[in-house]
Amino acid sequence: MASPDRPAASVIIPAYNAADFLAQQLGALSDQHDAPSFEVLVCDNGSTDGTPAIVQDFTPRLAGLRLVDASARRGASAARNIGADAAGSSRLLFCDADDVVGQTWVRSLYDALGAAVFVAGAVEHRLLNPGREWDFGWNEPLFSDPGLPQFPACGSGNMGVRREVFDEVGGFDESLRAGEDLDFSWRVQLAGHQLVGVPSAIIHYRKRGGLRAAVRQGRAKGEGTRILAERFALVREAYAHEARPAAAGASVTDPMPVPSADARRPRWAAAADRLRRVPRKVAEIARNPAAITPYVAALAFAWGYRTARVDQVTHVSVPDPLPPAARIL
């Protein structure tokens, strides 16, 4: 049992100009069911809106709520790292300012960190995004990414980790504009720690609205995906060598594994498939103009991926010994 001066869990929320949504998240945290003692650290990354005032207003309702000045270094990763440094518990729970945690979120992640050192929860899309069923993403706690398919990944908006593991890998990489959660997930697992999914730890995810936001986020994700692919190229190639001998002359810094010509579909067949889908997509957008958003985001992603600068990327070293590849749990 944690003492009143030392909470059982620390909830860390990076925040930048989050006044529009932060109250809803803090309200959900103040209404947790069967939760252990926990503190909430809103890590303000230099907001110019009413974010600090909202934290102050909620202080009487939410015991352990603290506003942390996280403006010394910019970015969500920096805010999370600063929050982890200020946290009073060895169990660190991460969520985002614009989402809403489920009623047993703290209890679920807290309990999971009793048996594992690195955990992630599930995602629900419907509550905060009515009418956007066409734009729902993944909902399981863990997912795979071709940048390092040997290990699962998770999002930083619904994650729990033991402090000693967080410190062991150096926290989130503050140089990354996007994909810092995948990077963190993989580095923890390459250090020998398993990532475990917790379906009962649910967050209600809020989609960004507007084409400008979709373009900005899509481009950042494209850049992040390309950079992570390069960053983990040596590790990816090491697993390929372990599975089968590498082809003579193969480069270990290829950004992604490329299928053989026999495995790829003919270009004309892929083009024909895309053409067949055009009428359906046009009709969908005609019924709901906002449905164009994921297509715009996809174009922005491709743009970000193709224009990402990778010449200065530092490759992650191959662990020795190489940890066994994992499966999604």
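Just so it is clear, the model here is predicted, and its values are computed rather than measured.

Rules used throughout
Residues numbered from 1 in each chain as written. Predicted model: local features only at pLDDT ≥ 70, side-chain atom pairs only at ≥ 80, totals over all residues. Heavy atoms only, no water. Helix = DSSP H or I, 4+ residues; strand = E, 2+ residues; numbered from the N terminus. Buried < 20%, exposed > 50% of the residue type's maximum accessible area, 1.4 Å probe, protein only. Contact = heavy atoms within 4.5 Å. Areas by Shrake-Rupley, 256 points an atom, 1.4 Å probe, with all protein chains shown as cover. Axes fitted to C-alpha atoms, helices over the stretch in contact; angles between N-to-C directions. Left-handed = near helix turned anticlockwise from the far one by under 90°. Nonpolar A, V, L, I, M, F, W, Y, C, P; charged D, E, K, R; others polar.

Engineer: Report on the overall build of the protein, specifying residues and quantitative values.
Structural biologist: A count of helical and extended segments in the protein gives ten helices and eight strands. Relative to its 329 residues, the protein shows a buried fraction of 48%. Restricting to contacts in the protein with at least 6 residues of sequence separation, those with at least 24 account for 79%. Roughly 16500 Å² of accessible area belongs to the protein as shown, and the carbon and sulfur atoms make up 55% of that amount.

Engineer: Give me the lowdown on the packing of helix α7 (residues 211-231) against helix α10 (residues 293-307), citing residues and values where you can.
Structural biologist: What describes two packed helices is the angle between their axes and the distance between those same axes. The interhelical angle for the contact between α7 and α10, taken along N-to-C directions, is 35 degrees, at an axis separation of 6 Å. Where α7 crosses over α10, the two elements pack in a sense that is right-handed. Taking contact as the criterion, the partners of Leu211, Ala214, Val215, Gly218, Arg219, Lys221, Gly222, Glu223, Thr225 and Arg226 in α7 are, on α10, Thr293, Val296, Ala297, Ala300, Phe301, Trp303, Gly304, Tyr305 and Thr307. Of the residues belonging to the contact of α7 with α10, the class tally is nine nonpolar, six polar and four charged.

Engineer: Residues and numbers for the environment of Val235, please.
Structural biologist: Note that Val235 resides in helix α8 (residues 233-243). Owing to a relative accessible area of 0%, Val235 belongs among the buried residues under this scheme. Taking the C-alpha atoms as reference points, Val235 and Val318, separated by 83 residues in sequence, lie 5.2 Å from one another. Excluding residues within four positions of it along the chain, Val235 makes contact with Leu148, Leu190, Val316, Ser317 and Val318.

Engineer: Which residues make up unusual backbone geometry, and what values go with them?
Structural biologist: Leaving glycine out, the prevailing phi sign among residues is negative, and the prevailing peptide bond configuration is trans. The linkage connecting Asp320 with the following residue, Pro321, adopts the cis geometry, with an omega of 5 degrees. Its place among the elements puts Pro321 in the segment after α10. The phi dihedral of Asn17 is positive, around 50 degrees, even though this residue is not glycine. Mapped onto the secondary structure, Asn17 falls in the loop between β1 (9-15) and α1 (22-30). Take Asn17: its relative accessible area is 31%, and that puts it in the partly exposed class. Despite not being glycine, Asp34 has its phi angle at roughly 55 degrees, a positive value.

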